[in-house]
Amino acid sequence: MNRYRPIRFGRIAVQFAMAAIITAALVVGVPCLFSKIQIIPAIAACASIWLILWTVATVVFGRIYCSTTCPTGALVDLFRFIFRRRGSHYSFRQPSDRLRLSILIIVIVCSLFGVTAVVALLDPFSAFARIVTSSARPLVIGISGLLAAAATLAVIIAVSARNGRLICNTICPVGTILGNISRISLYHADINTDLCVNCRRCVNVCPSQCINLDDHVVDPSRCVVCFECMDACPNSAITYRRGRHQLSIPLMQRAVGNAGISAAGGRADASSVKPIDRRTFILTGAITAAAMAETAIARKNSGFVAGAVQLLPLNYVTPPGASSREDFLRRCTACGSCIAACPTTVLTASVKQYGIRHSLSPVMDFSRAYCDIDCVRCTEICPTKALKPLTPAEKRVTPIGRARISPSNCRLYVNGKGCGVCVRACPKRAISIVRDADGRRVPQVESELCIGCGKCSYACPSHPYSAIVIEGL
């Protein structure tokens, strides 16, 4: 038996065990260490220990993160196994270095300027988490998150079935970062030309399409150390080792460069470089258009009552545990973990509440539920530290917003009929009934007591618009 076969099966077992644990944690809504060690969440959380660990691991072993720990990588391998036609083969593909670098620069620039929607779409962990959350709780994630997840899943299935790890080696910013580090990795795949008979079995099974048999080289920047080629080689000509194999007859060794060398041995010309694919960013516009259409339909069907005014918060409410709105939006990668964990479903993926730059980031929607003042699950599960952990005792006294009342929408104020639902619903007893200058009864909020849980707004029976809105801090 090929000595790399058990190594390959062991890697696959680790890869899918990791993905299964992360999936289970997302579905159940519990914290998971394997979510926190993902590259982009670790960068957002400034978790230097994990960043140092993956840098060292990549320098020594190559891109083992992509083949063992990345859940989207597991998804790619699963779909290429399911949908790839029997008897079909891969072939060597020239690296798209300019495209890879361009996408990485775009992601970095968007991150620096706070356009987190682009980072959320291209981060492999956030994309995977959004797919899992949308599959497990499609009515919770919101239309924008659902569309983004469906589009991402469709692209992964289509590309992986035909081109294997092309997404990982061309689009994924994490793959580009690790690929550049792995160019100097200590261990790498190497071809022994004394044993190679050019049977091309290694090329046929390589999902990264990075084995060039014309020059007998493996591009280390794209190799994800999956051991597929080593298991397939009948002569053990391709191995995972330090250094390079020396030919028995050195004068017959061809002088070749790195990526950027054409199959004929010459420098690849500009025409071989693919232009930047702008279709990646059309998804953001599609999400916004769909959400605007949904809002227009909802408003059309809501009816109109004279004197009623729709209250809109000046600032939408961020999830509990955010130290500030700016810090939350800077760190959040819109992975949807907190949305999946929320037991009351008050959290949903934003569309334009924070601006288009931060689409898909979680936002409180008090028209569908309220925030339980004893629940801290979202603060515990966040992998990027966009939400700081809170204890239940801290949660009860930590304000996330303030209630604002519109008397013109209030049934008690307008009709004089008994109501007081908001008073009874408030867990902090921050709402009381007082009389205004005209002698009419109206609810009043004690700002010092209100923490913005939204239970009053959710319970308000006024129609078509609630008499209470929660303002974010």
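Coordinates for the structure precede this section.
So, here's what we can say about the structure. (Residues numbered from 1 in each chain as written. Predicted model: local features only at pLDDT ≥ 70, side-chain atom pairs only at ≥ 80, totals over all residues. Heavy atoms only, no water.)

**Topic: helix 10 (residues 143-163)**
Phase 1: Between the first and last C-alpha of helix 10 there are 30 Å, a value that for 21 residues agrees with the 30 Å anticipated at 1.5 Å per step.
Phase 2: For helix 10, every residue scored as buried is listed here: Ser144, Gly145, Ala148, Ala149, Thr152, Ile156, Ser160 and Asn163. Each buried residue of helix 10 lies within a common arc of 120 degrees when the element is viewed along its axis, so the set occupies one face.
Phase 3: Phi for Gly164, located one or two positions after helix 10, is positive at around 60 degrees. (Helix = DSSP H or I, 4+ residues; strand = E, 2+ residues; numbered from the N terminus. Expected span 1.5 Å × (residues − 1). Buried < 20%, exposed > 50% of the residue type's maximum accessible area, 1.4 Å probe, protein only. Arc of directions from axis to C-beta.)

**Brief notes about the pattern of salt bridges**
Phase 1: Scanning all chains against the criterion turns up 14 salt bridges.
Phase 2: For the salt bridge of Asp97 with Arg100, the shortest nitrogen-to-oxygen distance reads 3.1 Å. Here Arg100 and Asp97 lie together in helix 7 (residues 97-112), a separation of 3 residues that amounts to about one turn.
Phase 3: A relative accessible area of 28% places Asp97 in the partly exposed class.
Phase 4: A salt bridge links Arg331 to Asp327; the shortest N-O distance between them is 3.1 Å. Of the two residues, Arg331 and Asp327 both sit in helix 16 (residues 325-331), 4 residues apart, roughly one turn of that helix.
Phase 5: In this structure Arg331 comes out as buried when scored by relative accessible area, which is 13%.
Phase 6: Judged by relative accessible area, Asp327 falls into the buried class, the value being 12%.
Phase 7: Among the ionic contacts, a cluster of salt bridges with common partners joins Arg5, Arg8, Asp77, Arg80, Arg165, Glu228 and Asp231. (Salt bridge = Lys/Arg side-chain N within 4 Å of Asp/Glu carboxyl O.)

**Thoughts on the packing of helix 9 (residues 124-136) against helix 10**
Phase 1: Relative orientation of the contacting elements helix 9 and helix 10 amounts to 115 degrees, with a least axis distance of 9 Å. As summarised for this structure, helix 9 and helix 10 are arranged roughly perpendicular, according to the angle between their axes. Note that helix 9 runs across helix 10; the crossing there is left-handed. Where helix 9 abuts helix 10, its residues Ala127, Arg130, Ile131 and Ser134 lie against Gly145, Leu146, Ala148, Ala149, Thr152, Leu153 and Ile156. (Axes fitted to C-alpha atoms, helices over the stretch in contact; angles between N-to-C directions. Parallel < 35°, antiparallel > 145°, perpendicular 65-115°, else oblique. Left-handed = near helix turned anticlockwise from the far one by under 90°. Contact = heavy atoms within 4.5 Å.)

**Focus: the packing of aromatic side chains**
Phase 1: Here the structure, examined in full by the defined rule, presents 8 aromatic pairs.
Phase 2: Between Tyr370 and Tyr458, the aromatic rings sit 5.9 Å apart at their centres with planes inclined by 45 degrees, giving tilted as the arrangement. One end of the pair, Tyr370, is in the loop between strand 6 (362-364) and helix 18 (377-381); the other, Tyr458, is in helix 22 (residues 455-459), and 88 residues separate them in sequence.
Phase 3: Using a relative accessible area of 41% as the deciding quantity, one classes Tyr458 as partly exposed.
Phase 4: An aromatic cluster of at least three residues, connected via ring pairs, comprises Tyr4, Phe61, Tyr187, Phe227 and Tyr240.
Phase 5: When the ring centre of Tyr90 is taken as reference, the NZ or CZ atom of Arg84 above it lies at 3.6 Å.
Phase 6: In this arrangement the basic side chain of Arg440 is found over the ring face of Tyr413, its NZ or CZ atom lying 4.0 Å from the centre. (Phe/Tyr/Trp six-rings, centres within 6.5 Å; stacked < 30°, edge-to-face > 60°. Lys NZ or Arg CZ within 6 Å of the ring centre and 35° of its normal.)

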